[in-house]
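The residues making up each chain are set out below.
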Amino acid sequence: MGKASMRIKTVVFMALLSAVFIGAVSTVHLLTKDTIMRNEAVFFRKALLGCTPLSFPTSIKELNNFYENKVKYHKTANPYYTVRDGKNLFYVLKVSGPGLWGEIVTLIGFKSDKKTITGINFISQSETPGLGARISESWFKKQFIGKTGPVTMVPEGTGTVAKTQFDAITGATVTSTAVKDIVNNALVKISTVIRKGSD
Amino acid sequence: MSSRTSNVVFSNLGRDNPVFVQILGICSTLAVTNVLKNTLVMAIGLIFTTALSNFTVSLLRRFIPTRIRMMVSTLIIASWVIIVEIMLKAQVPEIARQLGPYVGLIITNCIIMGRAEAFAMQNTPGISLVDGLSSGVGYSWVLLLIAFFRELMGSGTVWGQVVLGSWWVKWSIMVMAPGAFFMLAIFIWIVKGRILVEKEASNGR
């Protein structure tokens, strides 16, 4: 009898405590949900506009206005974004590929010739900090501007200016290869998926 | 500060240090110490969760049935870690993004469970909070020291700023997990072989 009631007490205690903590975590989640979603959206919009040569406002409200005026999402079988600024038109593709530890999700911008890269941003990656994660450093991203590919890798520090090469990262061969594949994949996609005249 | 409090604080920072004496929290020591910035945020997250978990466990210690105390501790720790993670995402999204999976991994840090088991279950909330805080700080200073050397030798930088010029050949191994094993082992060797040994000897006399 005593043993059984002890058991019930234990179960009830655990259940109650779980309810209390789940309640607390859920409350915090609900209170911050909107802020987190807004943060995510701002991050994405900055990353997308950062793939074009356009300079964009930093304050959240102006940024959103800017984005909504200029960016259009094309929900086709292979979705893409267009950024229109006056006479200039840019395409942005979202391409992902397997990195060393997880998926690398990338935004890549192109000129209206659908060939020349105008910028690249990694919106999600879980590569090794200090090695593969260095793909997020600005020198690495900036070197892709103006490339027409298909790209191949040269050792870090070469500072290649060829339109078909980029400096890989020493000690991060798998990550660098993944980026190479993603970029080349995007180059193929941009030339095939977007139908002529559709923008 | 009472002698009890200062005793708890100093032993956690030094002779009972969670990392180099108790050898706890080694997984995160290996994982996050290749870049100083990540290490600091991990350290702050750990200080925060260890303190709060210790405090909560201590508050409930008279009610927790002995047989399920590990389950209860885990529940408490997991809840605090998730709350910390959500708050980081809401308040400092840039840092939260850089940390990626690390914050969630605080749940598996043995230091938190160790302190909850060994200290908070037997002591009052106030001193448990102090114990959690100082254990976190004891963990942090060791990690930051290791991270400083790993980042310096592995990337030639300190806090992302280049300090060693192009003449420095980067030790890629320092950035990878084996580098952490070497650094941690050397650190423990120095501390235990040089500093703590003398103290033990003088205590014995």
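It should be noted that the structure appears before, not after, this text.
Let me sum up the structure you'll find in this document.

Conventions used here
Residues numbered from 1 in each chain as written. Chains lettered and ligands numbered in written order. Predicted model: local features only at pLDDT ≥ 70, side-chain atom pairs only at ≥ 80, totals over all residues. Heavy atoms only, no water. Helix = DSSP H or I, 4+ residues; strand = E, 2+ residues; numbered from the N terminus. Rg over C-alpha atoms; globule rule 2.2 N^0.38 Å. Buried < 20%, exposed > 50% of the residue type's maximum accessible area, 1.4 Å probe, protein only. Contact = heavy atoms within 4.5 Å. Areas by Shrake-Rupley, 256 points an atom, 1.4 Å probe, with all protein chains shown as cover. Pairing = 2+ DSSP bridges. Axes fitted to C-alpha atoms, helices over the stretch in contact; angles between N-to-C directions. Buried area = accessible area lost by both parts, 1.4 Å probe. Salt bridge = Lys/Arg side-chain N within 4 Å of Asp/Glu carboxyl O. Polar contact = N/O pair within 3.5 Å; in protein donor to acceptor, adjacent residues only side chain to side chain. Core = buried A, V, L, I, M, F, W, Y, C linked by side-chain atoms within 4.5 Å. Parallel < 35°, antiparallel > 145°, perpendicular 65-115°, else oblique. Left-handed = near helix turned anticlockwise from the far one by under 90°. Nonpolar A, V, L, I, M, F, W, Y, C, P; charged D, E, K, R; others polar.

Counting its secondary structure elements, chain B contains ten helices and two strands. Going from the N terminus to the C terminus, chain B shows its helices and strands as α-α-α-α-α-α-α-α-β-β-α-α. For 205 residues, the compact-globule formula gives about 17 Å, and the C-alpha radius of gyration of chain B, at 18 Å, lands near that figure. Counting the 205 residues in chain B, one finds 51% classified as buried. Look at the contacts in chain B between residues 6 or more apart in sequence, and 73% of them connect residues 24 or more apart. Summed over all atoms, the accessible surface of chain B reaches about 10,100 Å², with 69% contributed by carbon and sulfur.

To continue, consider the overall build of chain A. Broken down by element type, chain A carries four helices and seven strands. Expected size for 199 residues packed as a compact globule is a radius of gyration near 16 Å; at 23 Å, chain A overshoots this value by more than 25%. For chain A, the proportion of its 199 residues judged to be buried stands at 45%. Look at the contacts in chain A between residues 6 or more apart in sequence, and 44% of them connect residues 24 or more apart.

Take the sheet that holds strand β1 (residues 71-74) of chain A next. Residue and element names in this part refer to chain A. The strand order across the open sheet formed by five strands is β1-β2-β3-β4-β5, and the pairing between neighbours is antiparallel. The open sheet is flanked by β1 and β5 (117-124), the only strands paired with a single partner. The mean angle between the axes of side-by-side strands here comes to 25°, regardless of whether they run parallel or antiparallel. With five bridges joining them, strand β2 (residues 80-85) and strand β3 (residues 88-98) adopt antiparallel strand pairing. Across the sheet, residue Arg84 finds its bridge partner in β3, namely Leu89. Lying over the sheet, helix α4 (residues 173-192) contacts β3, β4 (103-110) and β5, oriented at roughly 135° with respect to β3.

Turning our attention to the interface of chain B and chain A. Residue-level contacts link 27 residues of chain B with 22 residues of chain A. Together, the buried faces of chain B and chain A total about 2,200 Å²; carbon and sulfur atoms form 76% of this surface. In terms of surface lost to chain A, no three residues of chain B exceed Leu75(B), Ile86(B) and Arg97(B), which account for 25% of the buried area on that side. Our count for the chain B to chain A interface comes out at zero salt bridges. Linking chain B with chain A are two residue pairs in polar contact (both at pLDDT 80 or more). Elements with a contribution of two residues or more to the side of chain B that touches chain A: α3 (36-60), α4 (69-91) and α5 (93-99) of chain B.

As a further point, take the nonpolar core. A general feature of soluble globular proteins is that nonpolar side chains tend to end up buried together. Ranked by size, the top nonpolar core spans 33 residues in total, and within it Val19(B), Phe20(B), Ile106(B) and Tyr139(B) carry the most contacts. For this core, the secondary structure elements donating two or more residues are α2 (26-32), α3, α4, α5, α6 (102-105), α7 (110-120), α8 (125-155) and α10 (177-204) of chain B. Tallying contributions element by element places α10(B) first for this core, with seven residues. Ignoring anything within four residues of it in the chain, the contact list for Ile106(B) reads Met42(B), Gly45(B), Leu46(B), Thr49(B), Val81(B) and Ile112(B). Counting residues in each nonpolar core, the second largest holds 27 residues, with Tyr80(A), Leu89(A), Ile108(A) and Val151(A) among its members.

Angle between the axes and distance between the axes are the two parameters that describe a pair of packed helices. All names here are of chain B. Interhelical geometry of α3 versus α8 gives an angle of 165° and a closest axis separation of 8 Å. The angle between α3 and α8 places the two elements in the roughly antiparallel class. Our pair here, α3 against α8, has a crossing hand that is right-handed. Looking at the contact of α3 with α8 residue by residue, the class counts come to 18 nonpolar, eight polar and two charged.

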